[in-house]
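# Coordinates in review
Each chain, written out:
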Amino acid sequence: LYAYFPGEPTWPPFRRDLRYAITATSETSIDRSTLSDVFARAFSRWAAATNLRFAETASESDADITIGFYAGSHGDGEPFDGPLGTLAHAFSPTDGRFHLDAAEAWVAGSDVSRSSTTGAVDLESVAVHEIGHLLGLGHSSVPDAIMYPTIRTGTRKVELEADDVQGIQSLY
Ligand code: TQI
Ligand code: CA
Ligand code: ZN
Ligand code: ZN
């Protein structure tokens, strides 16, 4: 079953159009347009299950959600740990921060199962999971759910399960 954060924080009912900015990209070699595509696809999966809408904005000051790649300590008391371990983290509503570990072997826009890099991690899969956290979902006990707390490296998991849909629809 799905879960929420303590206190069930959500984006408030008058905020159904959320804007995200991809702000910190100097630590990744993935090009900007690929990042835009991957995050747009990840957000669209949650938009399809709710009345939420998401749009990318170039202006950080305009953004509800900020997305960036960081290496090691990056000022929020939750330092990244190099390859594997923690891949990314996102804060509960309405914080909006979504950080990715720049040290991961991110794969974007091609099939991660065909990557020869050890520990390759599918960016879109992690993005779909972290957006669930940004919207207020905690971890699920259903192994096929996007919000299940583990994923095998070299795999892709981007489709919401019935459990994820029920969880997000009970919040929005
Ligand atoms: N990052 C953890 C996660 O997002 C961070 C975390 C641990 C967390 N406990 C939390 C975030 C409680 C919110 C609430 O779950 S991670 C996966 C998964 C991670 C893990 O790097 O371990 C994905 C990031 F589920 F696949 F294992 C993305 Cl998809
Ligand atoms: Ca890591
Ligand atoms: Zn962080
Ligand atoms: Zn998680």
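What you are looking at is a predicted structure, and each value in this text was computed from that prediction instead of being measured. (Residues numbered from 1 in each chain as written. Chains lettered and ligands numbered in written order. Predicted model: local features only at pLDDT ≥ 70, side-chain atom pairs only at ≥ 80, totals over all residues. Heavy atoms only, no water.)

### Re the overall build of the protein chain
Applicable threshold: Segments assigned H or I by DSSP are reported as helices when at least four residues long, segments assigned E as strands when at least two residues long, and all are numbered from the N terminus. Within these notes, the globule rule equals 2.2 Å times the number of residues to the 0.38 power, and the radius of gyration is based on C-alpha atoms. Only protein chains enter the accessibility calculation, which uses a 1.4 Å probe; a residue is then buried when its area is under 20% of its type maximum, exposed when over 50%, and partly exposed in between. Whether two residues are in contact is decided by their heavy atoms: any pair within 4.5 Å suffices. Charge counting treats Lys and Arg as positive and Asp and Glu as negative, with His and both chain ends excluded. Charged groups are reduced to one reference atom each: NZ for lysine, CZ for arginine, CG for aspartic acid, CD for glutamic acid.
In terms of helices and strands, the protein chain carries 3 helices and 7 strands. Order of helices (α) and strands (β) in the protein chain, N terminus to C terminus: β-α-β-β-β-β-β-β-α-α. In terms of C-alpha radius of gyration, the protein chain reaches 15 Å, essentially the compact-globule figure of 16 Å for 172 residues. Each principal axis of the C-alpha distribution contributes one length, and for the protein chain these read about 40 × 35 × 30 Å. Across the 172 residues that make up the protein chain, the buried fraction comes to 47%. Long-range contacts, defined as pairs at least 24 residues apart, comprise 65% of the intrachain contacts of the protein chain with a sequence gap of at least 6. Here the protein chain holds 12 positive side-chain charges and 24 negative ones, and the gap between their average locations is 5 Å.

### Some thoughts on the coordination of the calcium ion (ligand 2)
In plain terms, the rule: Only N, O and S atoms count as donors, using a 2.8 Å limit from the metal and a wider 3.2 Å limit for Na, K and Ca, and since water is excluded some coordination spheres may look unfilled. For a four-donor site, all angles between 85 and 135 degrees give tetrahedral; for four or six donors, opposite pairs above 155 degrees with the remaining angles between 65 and 115 give square planar or octahedral; all remaining cases count as irregular.
Distances from the calcium ion (ligand 2) to its protein donors, Asp81 (OD), Gly82 (O), Leu84 (O), Thr86 (O), Asp101 (OD) and Glu104 (OE), fall within 2.2 to 2.4 Å. Geometry at the calcium ion (ligand 2) is octahedral, judged from its 6 donor atoms and the angles of 85 to 177° they form at the metal. For the calcium ion (ligand 2), all donor residues lie on one chain, and their spacing in sequence is D-G-x1-L-x1-T-x14-D-x2-E. Here the residue Thr86 occupies a position in the loop between β3 (65–70) and β4 (88–90), and Asp101 occupies one in strand β5 (residues 97–101), the gap between them amounting to 15 residues. Accessibility expressed as a relative area gives 0% for Asp101, which makes it buried.

### Concerning the coordination of the zinc ion (ligand 4)
Donor atoms from the polypeptide that coordinate the zinc ion (ligand 4) comprise His129 (NE2), His133 (NE2) and His139 (NE2), at 2.0 Å from the metal. Counting residues between consecutive donors of the zinc ion (ligand 4) along the chain gives the motif H-x3-H-x5-H. Looking at His133, the relative accessible area reads 9%, which means it is buried. Residue classification places His139 among the partly exposed residues on the basis of a relative accessible area of 39%.

### Regarding the packing of aromatic side chains
Selection criterion: In this analysis, rings of Phe, Tyr and Trp, with Trp reduced to its six-membered ring, are considered paired at centre separations within 6.5 Å, and the interplanar angle assigns stacked below 30 degrees, edge-to-face beyond 60, and tilted for intermediate values.
Within the structure shown, the criterion is met by 5 aromatic pairs. With centroids separated by 5.9 Å and ring planes inclined at 90°, the aromatic side chains of Phe39 and Phe98 adopt a geometry described as edge-to-face. Taken together, the residues span a long stretch of sequence, with Phe39 in helix α1 (residues 32–47) and Phe98 in strand β5 at a distance of 59 residues. Neither Phe39 nor Phe98 differs from the other in exposure class; each is buried.

### What to know about the side chain of Ser36
On the secondary structure map, Ser36 appears in helix α1. With a relative accessible area of 18%, Ser36 lands in the buried category.

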